[in-house]
Amino acid sequence: AQSVTQPDIHITVSEGASLELRCNYSYGATPYLFWYVQSPGQGLQLLLKYFSGDTLVQGIKGFEAEFKRSQSSFNLRKPSVHWSDAAEYFCAVGVTGTYKYIFGTGTRLKVLA
Amino acid sequence: EAGVAQSPRYKIIEKRQSVAFWCNPISGHATLYWYQQILGQGPKLLIQFQNNGVVDDSQLPKDRFSAERLKGVDSTLKIQPAKLEDSAVYLCASSLDAGLNTEAFFGQGTRLTVV
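Quantities reported herein were computed from a predicted structural model and do not represent experimental measurements.

Draft legend 1. Looking closely at the overall build of chain A. Assigned secondary structure in chain A consists of zero helices and twelve strands. Counting from the amino terminus, helix and strand elements in chain A follow one another as β-β-β-β-β-β-β-β-β-β-β-β. Radius of gyration (C-alpha) of chain A: 13 Å, near the 13 Å computed for a compact globule of 113 residues. By its C-alpha atoms, chain A is 45 × 30 × 20 Å across when sized along the principal axes. Taken across its 113 residues, chain A has 45% of its residues classed as buried. Long-range pairs, those at least 24 residues apart, make up 52% of the contacts in chain A between residues at least 6 apart in sequence. As displayed, chain A has an accessible area near 5,300 Å², and 49% of this comes from carbon and sulfur atoms. Mean positive and mean negative side-chain charge positions of chain A (10 and 8 charges, respectively) differ by 6 Å.

Here is the structure:
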């Protein structure tokens, strides 16, 4: 069965530091991969997505993610974190042949001033 | 462009009571989703509509949950009777069309507490 694992429940970084959030998926075929951000009291906002092609994808707010098939990973990165990036981040995989997304359990990011 | 609207934002009910949530998707969006997000978990799809037809309701607990999308626009999700484990945030999302390459836009959600 398809699944998404986000091994880090909480991550704390200092403002200006680099960030990497991990995501591993289990899926037989080439997956559709997504990263969403959820600020407190808000709905989810799409940061970026990968369907095919270049394995390094750029998203909004200065985020990028790299698809590594050999590691079944789709980690999210940002070179310099801003205090406004504090939120919860969800990785998701789209199940081809359906219209269903499977979300990970999320990583809550705290940014220290 | 107006986003996905949901109401109410918060609801507290006692177990065995009924509750209904309302969602107004972005104008022109054919696909509408209801997700359940339990604290500490990622969102889980409950039901997906394409216009006013159901595409997927495989994870909807049909003995107590129901949803409809009359006229292919607004949607309501109902729980009757509610259980303690239904405490969660219920997110509505919409997209122009079905398909994994079509971005889904999410509302702010309705936080349900069952006591």
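Draft legend 2. Layout of the packing of aromatic side chains. Residues and elements named next belong to chain A. Across all of its chains, the model carries 16 aromatic pairs over all chains by this definition. Between F34 and F51, the aromatic rings sit 5.8 Å apart at their centres with planes inclined by 70 degrees, giving edge-to-face as the arrangement. Of this pair, F34 sits in strand β5 (residues 32-38) while F51 sits in the loop between β6 (44-50) and β7 (56-58), and the two are 17 residues apart along the sequence. Assessed through its relative accessible area of 2%, F34 is described here as buried.

Draft legend 3. Looking closely at the pattern of salt bridges. Residue and element names in this part refer to chain A. Summed over the entire model, instances satisfying the criterion amount to seven salt bridges over all chains. R77 serves as the salt-bridge partner of E66, at 3.2 Å between the closest nitrogen and oxygen. Of the two residues, E66 sits in strand β8 (residues 64-68) while R77 sits in strand β9 (residues 73-78), which places them eleven residues apart along the sequence. Of the charged contacts in the structure, one is a salt bridge between K78 and D85, with a shortest N-O distance of 2.8 Å. A single burial state applies to K78 and to D85, both of which are buried.

Draft legend 4. Representation of the interface of chain B and chain A in the model. In this complex, chain B contributes 25 residues to the contact, which on the side of chain A involves 22 residues. Across the interface of chain B and chain A, roughly 1,800 Å² is buried in total on both sides, 58% from carbon and sulfur atoms. Where chain B packs against chain A, one counts zero salt bridges. At the surface where chain B touches chain A, the tally comes to three residue pairs in polar contact (both at pLDDT 80 or more). Broken down by secondary-structure element, the contributors of at least two residues to the side of chain B that touches chain A are β4 (31-37), β5 (44-50) and β6 (53-56) of chain B. Counting residues per element, the side of chain B that touches chain A draws most heavily on β4(B), at three residues. Across the side of chain B that touches chain A, the residue classes tally to ten nonpolar, twelve polar and three charged.

Draft legend 5. Main features of the state of the cysteines. Residues and elements named next belong to chain A. Applying the stated criterion across every chain yields a total of two disulfides over all chains. Each sulfur in the disulfide pair C23 and C91 lies 2.0 Å from the other. The sign of the -65 degrees torsion about the S-S bond sets the C23-C91 disulfide as left-handed. Pair noted here: C23 is in the loop between β3 (19-21) and β4 (24-26) and C91 is in strand β10 (residues 87-95), with a separation of 68 residues, a long-range link.

How each quantity is defined
Residues numbered from 1 in each chain as written. Chains lettered and ligands numbered in written order. Predicted model: local features only at pLDDT ≥ 70, side-chain atom pairs only at ≥ 80, totals over all residues. Heavy atoms only, no water. Helix = DSSP H or I, 4+ residues; strand = E, 2+ residues; numbered from the N terminus. Rg over C-alpha atoms; globule rule 2.2 N^0.38 Å. Buried < 20%, exposed > 50% of the residue type's maximum accessible area, 1.4 Å probe, protein only. Contact = heavy atoms within 4.5 Å. Areas by Shrake-Rupley, 256 points an atom, 1.4 Å probe, with all protein chains shown as cover. Lys, Arg positive; Asp, Glu negative; His and termini not counted. Charge placed at Lys NZ, Arg CZ, Asp CG, Glu CD. Phe/Tyr/Trp six-rings, centres within 6.5 Å; stacked < 30°, edge-to-face > 60°. Salt bridge = Lys/Arg side-chain N within 4 Å of Asp/Glu carboxyl O. Buried area = accessible area lost by both parts, 1.4 Å probe. Polar contact = N/O pair within 3.5 Å; in protein donor to acceptor, adjacent residues only side chain to side chain. Nonpolar A, V, L, I, M, F, W, Y, C, P; charged D, E, K, R; others polar. Disulfide = S-S within 2.5 Å.

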